[in-house]
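Architecture at a glance
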Amino acid sequence: MNRLCFGKDPLFIEISLSEVKTDDCGNPIKRTREAITVSNFDLIGPEFWENHQYILGEEKYGYEYVKKFDNIHRLPYSNWTIVRISACQFDQFSLIHSFDKPNDETALRLMNACASLMMEQFPDIIFGYGFDNEYSFVFQEKTELYQRDERLIISSCSSCFTSFYMMKWKEYFPSKELVQPPHFQVEVSCYPEPRIVCDYLSRRQSECHNRNQYTTCFWMLVKSGEGENKAKEILKDTLPKDKNELLFQRFQMNYNNEPAMFRKGSCAYRQKSANGCRWKPVKMSGGM
Ligand SMILES: Nc1nc2c(ncn2[C@@H]2O[C@H](COP(=O)(O)OP(=O)(O)OP(=O)(O)O)[C@@H](O)[C@H]2O)c(=O)[nH]1
Ligand SMILES: [Mg+2]
């Protein structure tokens with residue numbers, strides 16, 4: 001540290017001098033320093049950055065690098081992709097549109113019609129299964145739809161299904177105005193083996209059965225004069241066989257005679273043609 005003194009009153013200017021490094025023979029080591037330029041440039045407009053690309057890095061000046069921020073999630077390769085679409089706030093939607101309780105057959109047929117259109121729109125869908133206000137679509141194992149980009153598959157499936165629902169509404173409900181837009185959410189799962197796909201579909205069908213049996217009992221009780229809370233209490237902790245028994249004893253109703261579309265849901269798939277290699281148009285089991 002050096003201290004310089006000028007005049008009477010001491011004025012100290014402190015100058016830091018870095019120590020000079022020397023080699024083994026005591027000679028100072030010469031280090032090249034990069035010149036620092038201080039100047040006045042226009043930073044508005046591309047000129048300065050075009051001439052000084054090394055400052056920010058060439059890549060960052062262009063806009064191509066923005067792609068690197070994309071958070072693309074690709075679905076795992078060689079997996080069966082299942083896209084499950086389900087309606088949001090459907091209790092409100094079904095109330096506003098006065099759907100029959102517990103099942104509105106026309107609304108179910110409208111869902112099936114949308115499923116058929118989905119299979120036409122996305123040829124990689126090999127199977128569809130739906131009940132109530134949901135539909136699951138199985139994509140073939142090696143689908144390259146949107147290069148398996150999950151976000152694009154989700155957004156495209158949900159917007160297509162919603163559009164089909166609105167487009168077909170008048171055909172299925174000619175005397176009902178669509179007064180609230182339907183809205184569907186989508187979940188995606190991937191399964192590495194067909195066995196798991198079958199188990200997934202069995203689980204959905206079991207959910208269909210449980211839900212339908214419950215709502216059938218519930219609405220039969222309510223229609224017979226029980227309050228909704230009382231009906232819930234009666235059904236609390238009952239097993240499937242108890243519900244069948246209740247329907248039979250109180251209402252002389254054989255649950256197994258209820259329409260298959262209500263009890264089992266609907267399956268959509270393409271049939272193999274006679275020559276065994278081309279696919280025929282979508283077949284719907286459960287009603288359209
Ligand atoms: N009347 C009538 N209502 C139905 C029918 N199918 C479904 N619903 C209604 O849809 C509801 C079930 O849908 P959920 O998906 O569980 O519930 P949600 O209201 O859509 O709620 P979120 O999915 O959480 O938005 C039932 O509680 C019924 O109110 C039908 O055929 N007829
Ligand atoms: Mg819902």
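Procedures and definitions
Residues numbered from 1 in each chain as written. Chains lettered and ligands numbered in written order. Predicted model: local features only at pLDDT ≥ 70, side-chain atom pairs only at ≥ 80, totals over all residues. UniProt positions renumbered as here; feature names shortened; annotations may be inferred. Near = placed C-beta within 6 Å. Helix = DSSP H or I, 4+ residues; strand = E, 2+ residues; numbered from the N terminus. Axes fitted to C-alpha atoms, helices over the stretch in contact; angles between N-to-C directions. Parallel < 35°, antiparallel > 145°, perpendicular 65-115°, else oblique. Left-handed = near helix turned anticlockwise from the far one by under 90°. Contact = placed C-beta atoms within 7 Å. Nonpolar A, V, L, I, M, F, W, Y, C, P; charged D, E, K, R; others polar. Core = buried A, V, L, I, M, F, W, Y, C linked by C-beta atoms within 7 Å. Buried ≥ 20, exposed ≤ 12 C-beta atoms within 10 Å, placed from the backbone.

Identification of the chain as tRNA(His) guanylyltransferase from Aegilops tauschii subsp. strangulata is taken from an unreviewed UniProt entry. Under the UniProt heading Sequence similarities (unreviewed entry), the entry covering the chain gives this text: "Belongs to the tRNA(His) guanylyltransferase family." Taken from UniProt, the Function (unreviewed entry) comment for the chain reads in full: "Adds a GMP to the 5'-end of tRNA(His) after transcription and RNase P cleavage."

Below, the discussion takes up the site of ligand 1. The full set close to ligand 1 counts 15 residues, and Phe-90, Asp-91, Ser-94, Phe-99 and Asp-104 are the nearest of them. Among the elements of the structure, β3 (80-87) and α4 (90-96) are those that each provide at least two residues to the shell around ligand 1.

For the rest of this paragraph, the subject is the packing of helix α5 (residues 105-121) against helix α6 (residues 150-172). What describes two packed helices is the angle between their axes and the distance between those same axes. Relative to each other, α5 and α6 sit at 130°, their axes nearing to 9 Å. Here α6 runs oblique to α5, going by the angle between their axes. α5 and α6 meet at a crossing whose hand is right-handed. Note on element contacts: α6 touches α5 through Cys-160, Phe-161, Phe-164, Tyr-165, Lys-168, Trp-169 and Tyr-172, opposite Thr-106, Arg-109, Leu-110, Ala-113, Cys-114, Leu-117, Met-118 and Gln-121. Looking at the contact of α5 with α6 residue by residue, the class counts come to 11 nonpolar, two polar and two charged.

A separate point is the nonpolar core. In terms of nonpolar packing, the biggest core is built from 28 residues, with Cys-114, Met-118, Phe-137 and Phe-161 touching the most fellow members. Those elements giving two or more residues to this core turn out to be β3, α5, β5 (134-139), α6 and α10 (260-264). Top element by residues in this core is α5. It accounts for eight residues.

Glancing now at the environment of Phe-48. Here Phe-48 shows up in helix α1 (residues 47-51). What Phe-48 contacts, discounting residues up to four positions off in sequence, is Phe-41, Asp-42 and Leu-43.

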